[in-house]
Amino acid sequence: MRNRYAQPWRPLSPDDYTPLIHTGPGPAYDALQRGRACGAAVDLGTSQIRISTWDRRTGERLAGICGMNPQAVFGTDILMRLTAACRSEERAREISRMAGNAIGDALRLLASRGSAGTGDIGQIMIVGNTAMLSLLSLKNYSLLLQPEYWSREIDCRPEDTRQWHTDWGLANDAAIDIIQPLGGFVGSDLLAGVLATNLTCPAGDAAEGALFIDFGSNSEIALWDGAKLWVTSAAGGPAFEGRGITCGMPAGPGAIYRITPGHSPHDFAFDVIGGEELQGLCGSGLVDGIACLLKLGILKKNGNFSPGIGKDGFSLFRGREDIVLKKKDVDSMQRAKAAIGAGVFCLLENAGMRLRDLRRVCIAGAFGKHLNIANACSIGLIPDVSPAKIELYGNAALAGCELLLIAGEGAETLAPLRSSAHMINLSGDSLFEDKFIQNLYLQPMQTA
Amino acid sequence: MDPLQSIMKAYNEALFDTDRDGALKVVHEAVAAGVTPEDIVFKVVLPAMESMIKSISEDFDANLAQHFMTAQIATEVTEEMIPKFRAVPSVAGRVVIGTAQGDMHSLGKRIVIGCLKARMIEVTDLGVNVSPERFVDEAVACNAGVIAISAMMVHTARGENGCLRVRQLLKERGLDTRIKIVVGGAPYHFAHDLYKVVQADAWAEDGVTAGRVIEDLIRRVR
C-alpha cells in the first residue's frame, strides 16, 4: 500500500492561515530601527512543521510551507520519541538534528522560491509542545518522562545556536527564539493558539467563558473563565490527524476532508483537498465518515458495526484502492475523542462552570476549517453547544507565533497569559477516567 | 430453559451492545426474582466478562474502547452486588496494585481491579506513578501476597525503577518467598518473555487472566 505520509513540503494556501488580529507594519522592526528585513515563524508540531516568512518592514507574510516532522520514524507520539532520545545521547542528537534539518530545508526551500533569503532573516520564532522544543534544543528532554515534571516549568532554551545559524544559512546576528513552554505537558503552541484566537479578550457581556481545543497528536485544551486560564493536555492520539487509521492521511492534496450522504443509503459524496484523485481520509473526513455511518445505523453508538459487516470493515468508496473504515479506526477515534470530552469536563469542573456558560468554543488544529460542526457534535468530538458559538480555526499555533514575530514586545506578549494560567494534570485522576469511559460512546459529549 | 441461563443470555446481549442501563435492568430483575447476588457475580458477570474478552482477543487493539466500557459495567454490577451477599465473603487473598514509576496509564489497572474484586480478592489501589519502595512498603502493611505492577510503556516496564527494583527490594528485605510479583500492560503483549526479563513471577494479558494468575500466586505463597 502506498505510504500516504511520504509527502513533500507543500506551500500553505491562503485558506491554511488563521487571519491575524494584528496586521500592518511591524513595530518590532521600527523598534529595532535597523536589523534584517525578514523574520520567520515556526510551529514545530509532533506530526507537522509549519513555517512562514515575513517582511518585518511592511508586516506582510511572504510565504508559508508545511511538511511532515521527520522525527516520526522514532514514533508518532511524544512519549515514543522521548523514550528513543533517552536511550543514548547519540540518538538524542540524531532526533534533534532531524527537526533542525527540516527547519533548515524549509527555510532554504522558501528562499529558493523567492521568499526571504536566509541571510535576510533577522529573527526566527519557534513554538511547539514541550517535548518537541526540548528535543530540538536538547535540553531537559529526559525530565519529561518523569511525571513529577509535567506540571513544572521546563527550560527549553538551547545552550548554543551557532550550529543552527550555520546549517540554516542565517547571519550571525539573527535571533533564534524558542518560545518557552508553560510546563512539562503544556507547550508554547497552546499559548500561541490562545493568543491567535484572542481567547482572553474582555467581552462586552457578562459571560466570559471561552474554550479552546487544539486537536493534534497531543491535544491541548484551554478554558478562560474571565480571570484564569485553565489549561491541560489530553493524549488525543494520532487519530485526529488520520494517523494509525487504515485509510488515514494528513490533511493534504488527495485527502477526503468532507463526506456527505448521497442519494442512496450506501452512497456518499466526497470533497477532496486540491480537487485531486482521492487517496485517503484526513481527520475531518474520518469524523464525517463515522458520523454518517452512525446516522445510517451501520455503526452503533458503542462503536460496533451492525451485524454482517466483518473484519474488513465498511467500504465508503470503491475504486482502484477502496476507502474503508475498520473497527480499529472507529476505536481509535472513540478513545481520542473520549480524552477530549473528559478533559473538557475536568476543566469546566475546576473552573466551576457549565457548558452553558461558554460564550465561545474555538476549535483549532488537525481538522482545519473544514470540520462539519453538526457531525463533530453528534459523535461527541466537540462540546454540544449552539453552532453559532463555535469558531473554526486552522492552525492557530502558527498564527500566534506570527503575532509574536511581528509584535513589538515579542515573547513578552505572552507574559499576562503565563501568569493567569493554571495547569491541570489529568493523568491518574479518577474523575477523568470516569468521564473518559462515559465519553467513549459515539454520542454528544457528556459534560455533566 | 434454566432461568439463570436466560438471565445470562440477556446480560450477555446487553454487554455486547455495551448497554449499561440494559445490563443493570437484567440484573435488578434477576435479583427481584430471587437470584442470589452471589450467582449474579459468579455465574453471570464473570463468565460474561470471560466470553467478551475471548471474543475480542483475536483483535484486541480494535476493541479497546469496548473493553473499557464493558469492564465498567461489570465493575458497577459487582460493586452493587457484593454488599448484598448473604454471608460476608471470605477473602481469597490480598493484592496491592499500581502503575510503575513514571507511568500514568491507569485504565488497564482499573479493569484488573474490577476483575479481582469479583473474585473476592482484596485489592489496595496504590494509584499511578508508584515508587518501588512504596509497592513493597504497602504490600507489607496490607499483608498482601501479591504485588501487581501495570506498565504501558517499554521504558516503565523495563526501567530500573519498575519491576526490577521491586524484585531487588523484596530480596534485600527477605520477602521474595512471601510476596509474588505479577506484571501486565502493552509491552508484555509484544514480548511474552519480558516478564522474566524484569524478574516478575508471572504476567497476565487481561483482567480475567489476571484474576486467575493472581489466585494461583496467592495459593503458592500460602
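Given the structure is predicted, the values throughout are model-derived calculations rather than measurements. (Residues numbered from 1 in each chain as written. Chains lettered and ligands numbered in written order. Predicted model: local features only at pLDDT ≥ 70, side-chain atom pairs only at ≥ 80, totals over all residues.)

Trainee: Give me the lowdown on the domain arrangement of chain A, citing residues and values where you can.
Mentor: Domains assigned within chain A are domain 1 (10-189) and domain 2 (251-324). On a C-alpha basis, the centroid separation for the pair domain 1 of chain A and domain 2 of chain A is 35 Å. (Domains from an automatic or database assignment.)

Trainee: So what's going on with the packing of helix 1 (residues 3-16) of chain B against helix 2 (residues 20-32) of chain B? Residues and values would help.
Mentor: All names here are of chain B. Packing of helix 1 against helix 2 leaves a shortest axis separation of 8 Å and a crossing angle of 160°. As the angle between them shows, helix 1 and helix 2 are arranged roughly antiparallel. Taken as a pair, helix 1 and helix 2 cross one another with a handedness that is left-handed. Here Ile7, Ala10, Tyr11, Ala14 and Leu15 of helix 1 lie close against helix 2, whose contacting residues are Gly22, Ala23, Val26, Val27 and Ala30. For the contact of helix 1 with helix 2, a count of residues per class yields 9 nonpolar, 1 polar and no charged. (Axes fitted to C-alpha atoms, helices over the stretch in contact; angles between N-to-C directions. Helix = DSSP H or I, 4+ residues; strand = E, 2+ residues; numbered from the N terminus. Parallel < 35°, antiparallel > 145°, perpendicular 65-115°, else oblique. Left-handed = near helix turned anticlockwise from the far one by under 90°. Contact = placed C-beta atoms within 7 Å. Nonpolar A, V, L, I, M, F, W, Y, C, P; charged D, E, K, R; others polar.)

Trainee: Can you break down the sheet that holds strand 17 (residues 421-423) of chain A residue by residue, with the values?
Mentor: All names here are of chain A. Strand order in this open sheet of 6 strands is 16-15-7-8-9-17, and the pairing throughout is mixed. Sheet topology places strand 16 (390-392) and strand 17 at the edges, where each strand pairs with a single neighbour. Going across the sheet, the axis of each strand differs from the next one's by a mean of 20°, ignoring polarity. Direction of pairing for strand 7 (residues 209-215) relative to strand 15 (residues 358-365): parallel, over a ladder of 7 bridges. The residue bridging Ile213 from the neighbouring strand is Ile363, located in strand 15. Seen against the sheet, helix 6 (residues 188-196) touches strand 7, strand 8 (219-224), strand 9 (229-234) and strand 15 and runs at an angle of roughly 130° to strand 7. Running over the sheet, helix 8 (residues 327-351) touches strand 7, strand 8 and strand 9 and is turned about 155° from strand 9. (Pairing = 2+ DSSP bridges.)

Trainee: Requested: an account of the pairing of strand 3 (residues 48-55) of chain A, with residues and values cited.
Mentor: Regular strands place side chains that alternate from one sheet face to the opposite one. Residue and element names in this part refer to chain A. Across the 8 residues of strand 3, 7 count as buried, placing the element largely inside the fold. With 7 bridges joining them, strand 2 (residues 38-44) and strand 3 adopt antiparallel strand pairing. Looking at strand 3, one finds that Leu44 is bridged to Ile49. The turn joining strand 2 and strand 3, which pair antiparallel and follow one another in sequence, is formed by 3 residues. Sheet topology places strand 3 next to strand 4 (residues 60-68); 8 bridges connect them, and they run antiparallel. Across the sheet, the residue bridging to Trp54 is Arg61, located in strand 4. (Buried ≥ 20, exposed ≤ 12 C-beta atoms within 10 Å, placed from the backbone.)

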